[in-house]
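# Overview (structure and organization)
Take a look at the letters that make up each chain.
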Amino acid sequence: MSSDQTPHTASNGRPIRLYRLPDSLSGKLWVWRYLILRRITQFSVLLLFFATAHWAWGLVGEPLLSGNLSSSSVVGLVPLADPFAVLQILFTRHLLSTEVLIGAAIVLVFYALIGGRVFCSWVCPVNVVTDFAGWLRNHFDLGNALHLNRSLRYYVLALALLLSLITGLAAFEWVSPIAMLHREVIFGIGMGLIGVAGIFLFDLMVLRHGWCGHLCPLGAFYAVVGKAAQLRVRFDESTCTRCGECIRVCPEPQVLNLNQAAERGLVTSGECTNCGRCVPICPEDSLSFDLRPWIARHDQRQRANRTIG
Ligand code: SF4
Ligand code: SF4
């Protein structure tokens, strides 16, 4: 990885280098690998739903992936359901079928293991829209017109559950831009795109990462789910020069509290989306994806080496 040399030195004696995008195509593709993989995953999920609905894609005589992001079925065998939508319905005091509850449990366990907000950066179609707004913001160097606390999304989450309880309707599902965008892509362009355009303009003109980083209750729900996830961003304190390049690209920069990460050897916050933006741009390769038990083992080895040294 190429990087500029600056005259400054970090407290660990290393020169502080700034990140520079490689000149070669292969170098660029390597840096963009997680972005490319995320887009492939996001579009593949949409393609599977679309092709099942419109081209009757199937397997062993069953629809391949029928339904939508709230409730679906894989080859008519494995039920999947959005656990936040299910939670809202439970708050409405309506009964749910065992199949839907099993579907929600499968999805919940999956994201609890790999990181709740993996849904946000690897599956949710709205992320493509908000990332595009973020890219345009960087391109035109736009500032924020508003400041909002990132905790606001937890209040929106609580409000969605409270409204579900009071109205007897799954409140967020009625206005969810995620469901709207999914419906529009799979079943046709219509009024739902107005909501998605609103989010795009809000993110572009008003606040950086405004929707996903401050308001979306589904993102907040998955942040709670992913608190104890096993797949994490590992942080190597010994090589980090605190150049700040990772924080500059992170959509949830508050999660990269490097002093806290140094104590645990990893990014602990459930708000990390495991998007992988920070990993390839670190000039010192101090960040990487790893599993919690391996991070713990690595830390123990490092501590033992320091004691011996
Ligand atoms: S925060 Fe909400 S809209 Fe944004 S990516 Fe996550 S679920 Fe999708
Ligand atoms: S810490 Fe890294 S992986 Fe997590 S949200 Fe920030 S850039 Fe993405």
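Placed above this text is the structure.
Residues numbered from 1 in each chain as written. Chains lettered and ligands numbered in written order. Predicted model: local features only at pLDDT ≥ 70, side-chain atom pairs only at ≥ 80, totals over all residues. Heavy atoms only, no water.

## Overview of the site of ligand 2
In the neighbourhood of ligand 2, the contacting residues comprise Val233, Cys250, Pro251, Val255, Leu256, Cys272, Thr273, Asn274, Cys275, Gly276, Arg277 and Cys278. Its residues assigned to classes, the shell around ligand 2 comprises eight nonpolar, three polar and one charged. (Near = heavy atom within 4 Å. Nonpolar A, V, L, I, M, F, W, Y, C, P; charged D, E, K, R; others polar.)

## Re a nonpolar patch on the surface
On the surface, Leu21, Leu25, Leu29, Trp32, Leu35, Ile36, Leu37 and Ile40 cluster together to form a nonpolar patch covering roughly 700 Å² of accessible area. Mapped by element, the contributors of at least two residues to the nonpolar patch are helix H1 (25-31) and helix H2 (33-54). The element best represented in the nonpolar patch is H2, accounting for four residues. Position of Trp32 relative to the elements: it lies in the loop between H1 and H2. (Patch = residues over 30% accessible without salt bridge, like charges linked within 9 Å, V, L, I, M, F, W, Y side chains within 5 Å. Areas by Shrake-Rupley, 256 points an atom, 1.4 Å probe, with all protein chains shown as cover. Salt bridge = Lys/Arg side-chain N within 4 Å of Asp/Glu carboxyl O. Helix = DSSP H or I, 4+ residues; strand = E, 2+ residues; numbered from the N terminus.)

## Topic: the sheet that holds strand S6 (residues 71-74)
By way of backbone hydrogen bonds, the strands of a sheet pair with one another, either parallel or antiparallel. Spatially, S5-S6-S7 is the arrangement adopted by the three strands of the open sheet, whose pairing is antiparallel. The strands lining the two open edges of the sheet, one partner per strand, are strand S5 (65-67) and strand S7 (78-81). Neighbour to neighbour, the strand axes of the sheet diverge by 25 degrees on average, direction disregarded. Summarising the sheet, S5 and S6 pair through three bridges and their orientation is antiparallel. Bridge pairing links Gly67 to Ser72 in S6. (Pairing = 2+ DSSP bridges. Axes fitted to C-alpha atoms, helices over the stretch in contact; angles between N-to-C directions.)

## Observations regarding the pattern of salt bridges
Under the criterion given, the structure shown has 13 salt bridges. Of the charged contacts, one joins Glu252 and Arg117 as a salt bridge, the two residues approaching to 2.6 Å between their closest N and O atoms. With Glu252 in the loop between helix H13 (245-249) and helix H14 (258-264) and Arg117 in the loop between helix H4 (98-114) and helix H5 (118-122), this residue pair connects regions lying 135 residues apart in the sequence. According to the relative accessible area criterion, Glu252 is buried, its value standing at 2%. The exposure class assigned to Arg117 is buried, which follows from its relative accessible area of 2%. We note a salt bridge from Glu252 to Arg150, for which the minimum N-O separation is 3.0 Å. With Glu252 in the loop between H13 and H14 and Arg150 in the loop between helix H6 (126-140) and helix H7 (152-167), the pair connects residues that are 102 residues apart, well separated along the chain. No difference in accessibility class separates Glu252 from Arg150, as the two residues are buried. Each of the salt bridges in this network shares a partner with another, and the network as a whole consists of Arg117, Arg150, Arg153, Glu252 and Glu271. (Buried < 20%, exposed > 50% of the residue type's maximum accessible area, 1.4 Å probe, protein only.)

Treat this as a map of the structure, not an account of what it does.
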